[in-house]
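# Commentary on secondary and tertiary structure
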Amino acid sequence: MKKHAIIPIFITHRGCPNACVFCNQKVITTRTGDVTVSDARKTIEEWLTTLENKDIETEISFFGGSFTGIPIEEQTEFLKLAKEYKDAGRVSKIHCSTRPDYINPEILENLRLYRMDTIELGVQSLDPKVLELSKRGHSVDDVYKACDLIKKYGFTLGIQLMIGLPGDSYESCMDSARKTVAIKPQIARLYPTVVLPDTELFTMREQGIYNNIPENEMLRIVKDMYKLLNSNNINVIRIGLKSNDLIKNDTYHDAFGQLVKSSIAFDFIKEKLDLLEISRNTSSGIIEIKANSDNINYAVGHKAANKIELMKLFPNLCIKFIRDENVNDYEINYISN
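Right, let's walk through the structure included here. (Residues numbered from 1 in each chain as written. Predicted model: local features only at pLDDT ≥ 70, side-chain atom pairs only at ≥ 80, totals over all residues. Heavy atoms only, no water.)

### With respect to the packing of helix H3 (residues 72–87) against helix H4 (residues 105–113)
The geometry of H3 relative to H4 is characterised by a closest axis approach of 9 Å and an angle of 20° between their N-to-C directions. Here H3 lies roughly parallel to H4, going by the angle between them. H3 and H4 meet at a crossing whose hand is right-handed. Taking contact as the criterion, the partners of Ile 72, Gln 75, Thr 76, Leu 79 and Lys 83 in H3 are, on H4, Glu 106, Ile 107, Asn 110, Leu 111 and Leu 113. Residues belonging to the contact of H3 with H4 are distributed by class as follows: five nonpolar, three polar and two charged. (Axes fitted to C-alpha atoms, helices over the stretch in contact; angles between N-to-C directions. Helix = DSSP H or I, 4+ residues; strand = E, 2+ residues; numbered from the N terminus. Parallel < 35°, antiparallel > 145°, perpendicular 65-115°, else oblique. Left-handed = near helix turned anticlockwise from the far one by under 90°. Contact = heavy atoms within 4.5 Å. Nonpolar A, V, L, I, M, F, W, Y, C, P; charged D, E, K, R; others polar.)

So this is what it looks like as structure tokens:
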């Protein structure tokens, strides 16, 4: 599969007058001022110095705020810039993120005119109570209407879900995941709610009004959501915010996505080993765990956690992790001596 690279253009807080309880785009994007078309061109050129002329599918992505909420004339200036690079063959795709209530036929006609490929919606939850408590400013009905329009106009649809918002629970999160499956987006992102400074959510936690979900429970929820989406052919392209020093805090592990995928890998490996009926008392032999380049680190686990746990479960056996590009997921073999 061809490698994929994103050139991120952060339109910080532009087009979004709403004040969700969890949001601080300045911290997430590390920017405070407005981005101009000139700034965007400079960013694209800088990224292309390392990406161009390589066998990589490159995508210009407008993140932050709500791209389709800025005046359509301003949208068009950014879109013209992205289309210039796409028409020239210097990038492959154009991508934007926005809110469900900032989608309508006029906006979509304009996006299609300038060759937009993918539209991601910050849905966050499909539970009306959670949306209300989080002050999202849009309804579940807005989500369905926007998704239907985006698919009708032929764009790739993405849905972003946040886990652990006020009023959330395992049941409400899984219900949002099931409803997402019914909508049938091509891609999804799963974001554990991070309590950022200078947000209403931070104040709510300080006052004891809100408590974030404990990490072990969050791991269980996100893992089950991921498995449900993935098993229904929805490509989960990210779990958690991209780690940087400005968003590291006490909410969740800064490698949370790796923890989730490593835990899924361990469950799969353990299930296959159980089928092989290997006892922890087996006196000798080798367990071979094969995975391709994309999955080998998940097989081993974060800080080798899976390897360590398997060594505890099978103390007399040699555990080998083997990189094999011919393996799609994981291949488990037991070789007796």
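### Notes on the packing of helix H7 (residues 170–183) against helix H9 (residues 215–231)
Packed helices, taken two at a time, are described by the angle their axes make and the gap between the axes. Taken N-terminus to C-terminus, the directions of H7 and H9 make an angle of 15°; their axes are 10 Å apart at the nearest point. In this view, H7 runs roughly parallel relative to H9, as classed from their interaxial angle. Where H7 crosses over H9, the handedness of that crossing is right-handed. Across the interface between the two elements, Tyr 170, Cys 173, Met 174, Ala 177, Arg 178, Thr 180 and Val 181 of H7 pack against Glu 217, Arg 220, Ile 221, Asp 224, Met 225, Leu 228 and Leu 229 of H9. A class-by-class count of the residues in the contact of H7 with H9 yields nine nonpolar, one polar and four charged.

### Let's talk about the sheet that holds strand E9 (residues 318–323)
One open sheet holds the three strands; their spatial order is E9-E8-E10, and the pairing between them is mixed. Of all the strands in the sheet, just E9 and strand E10 (330–335) have a single pairing partner and so form its edges. In this sheet, adjacent strand axes meet at a mean angle of 20° when their direction is disregarded. Bridge analysis of strand E8 (residues 286–291) against E10 gives six bridges, and the strand direction is antiparallel. (Pairing = 2+ DSSP bridges.)

### Topic: the pattern of salt bridges
A full pass over the atoms with the stated rule returns 18 salt bridges. Here Glu 77 and Lys 80 are joined by a salt bridge, their closest N and O atoms 3.8 Å apart. Within this pair, Glu 77 and its partner Lys 80 are both found in helix H3, separated by three residues, close to a single helical turn. On the basis of relative accessibility, which here comes to 38%, the residue Glu 77 falls in the partly exposed class. Overall, Lys 80 belongs to the partly exposed group, its relative accessible area being 41%. Asp 117 is the salt-bridge partner of Lys 86, the closest N and O atoms lying 2.8 Å from each other. You can see Lys 86 sitting in helix H3 and its partner Asp 117 sitting in the loop between H4 and strand E4 (118–124), a full 31 residues away along the chain. (Salt bridge = Lys/Arg side-chain N within 4 Å of Asp/Glu carboxyl O. Buried < 20%, exposed > 50% of the residue type's maximum accessible area, 1.4 Å probe, protein only.)

### Things to note about the side chain of His 302
Its place among the elements puts His 302 in the loop between helix H11 (296–300) and helix H12 (305–313). Engagement of the side chain of His 302 in a polar contact is seen with the side chain of Gln 258, the distance being 3.2 Å. (Polar contact = N/O pair within 3.5 Å; in protein donor to acceptor, adjacent residues only side chain to side chain.)

### Here we look at the sheet that holds E4
The parallel open sheet is built from seven strands, whose spatial order is E1-E2-E3-E4-E5-E6-E7. Both outer strands of the open sheet, strand E1 (3–10) and strand E7 (235–239), are each paired with one neighbouring strand and no more. The average angle at which neighbouring strand axes cross in this sheet is 25°, direction not considered.

### Some thoughts on the nonpolar core
Counting residues in hydrophobic clusters, the biggest one holds 64 residues, and the most contacted among them are Phe 62 and Ile 119. Once residues lying within four places of it in the same chain are set aside, the contact partners of Phe 62 are Ile 9, Ile 11, Phe 67, Phe 78, Ala 82, Ile 94, His 95, Cys 96 and Ser 97. Within the second largest apolar cluster, 17 residues are counted, among which are Ile 287, Ile 289, Leu 310 and Ile 332. (Core = buried A, V, L, I, M, F, W, Y, C linked by side-chain atoms within 4.5 Å.)

### Quick notes on the pairing of strand E5 (residues 156–163)
E5 sits mainly inside the fold: seven of its eight residues count as buried. As paired elements, E4 and E5 share six bridges and run parallel to each other. For Thr 118, the partnering residue across the bridge sits in E5 and is Thr 156. Bridge count between E5 and strand E6 (residues 187–192): six bridges; the pairing is parallel. What sits directly across from Met 162, in E6, is Tyr 191. Viewed along the sheet, the connection from E5 through H7 into E6 turns out right-handed. (Right-handed = clockwise from strand over helix to strand, strands pointing away.)

These values are about where atoms sit, not about what they do.
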